[in-house]
Amino acid sequence: MTSNRKPILVVAMLALFFRVATGQGTSISAPQAKDHMGENATVCGDVVSTHYAERSPGNPTFINLDKPYPNQLFTILIWGSDRAKFGDPEEKYRNKHVCVTGKISVYRGSPEVVAHESSQVKVQ
């Protein structure tokens, strides 16, 4: 290998490592998320129900993938304090195929990712 190719190879390897370490490499489906609790991952699915609970503590917005509440397989949670960053998320993402990147946690037995930045959610 020539010496001018080594820096390119190193940069490519570092980029791949960063994508895998931050969960931005391969994506998983909403049903697979339950097997990846505590991991940083990209979870993709169809938005089938949304709800802005403006009168609930924290003013959460729930974006449910693949199955609607109360049988959701996966939820994207946007707290009211972050809502302005997303515009009108329940309308913006409704009936779209989306991917969210972040740490998968569990709430009442259902996997979720809390999205703090709009860059975490991508419409496919």
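Residues numbered from 1 in each chain as written. Predicted model: local features only at pLDDT ≥ 70, side-chain atom pairs only at ≥ 80, totals over all residues. Heavy atoms only, no water.

A. Structural detail: the packing of aromatic side chains. Applying the stated criterion to the full structure yields zero aromatic pairs. Here Arg83 stacks its cationic end above the ring of Tyr52, 3.6 Å away from the centre of that ring. (Phe/Tyr/Trp six-rings, centres within 6.5 Å; stacked < 30°, edge-to-face > 60°. Lys NZ or Arg CZ within 6 Å of the ring centre and 35° of its normal.)

B. Inspection of the pairing of strand β3 (residues 61-65) at higher detail. Of all five residues that make up β3, four are buried, and the element is covered over most of its length. Across five bridges, the pairing between strand β2 (residues 40-52) and β3 is antiparallel. Of the residues in β3, the one forming a bridge with His51 is Phe62. Judged from the five bridges that link them, β3 and strand β4 (residues 74-78) form a sheet pairing that is antiparallel. The partner of Asn64 across the bridge, within β4, is Thr75. (Buried < 20%, exposed > 50% of the residue type's maximum accessible area, 1.4 Å probe, protein only. Helix = DSSP H or I, 4+ residues; strand = E, 2+ residues; numbered from the N terminus. Pairing = 2+ DSSP bridges.)

C. Examining the environment of Pro68 more closely. Checked against the element boundaries, Pro68 lands in the loop between β3 and β4. Considered as a pair, Pro68 and Val47 are 21 residues apart in the sequence and their alpha carbons are 8.4 Å apart. Every residue in contact with Pro68, bar those within four places of it in the chain, is listed here: Val48 and Ser49. (Contact = heavy atoms within 4.5 Å.)

Everything listed here is a matter of coordinates, which is why it stays silent on function.
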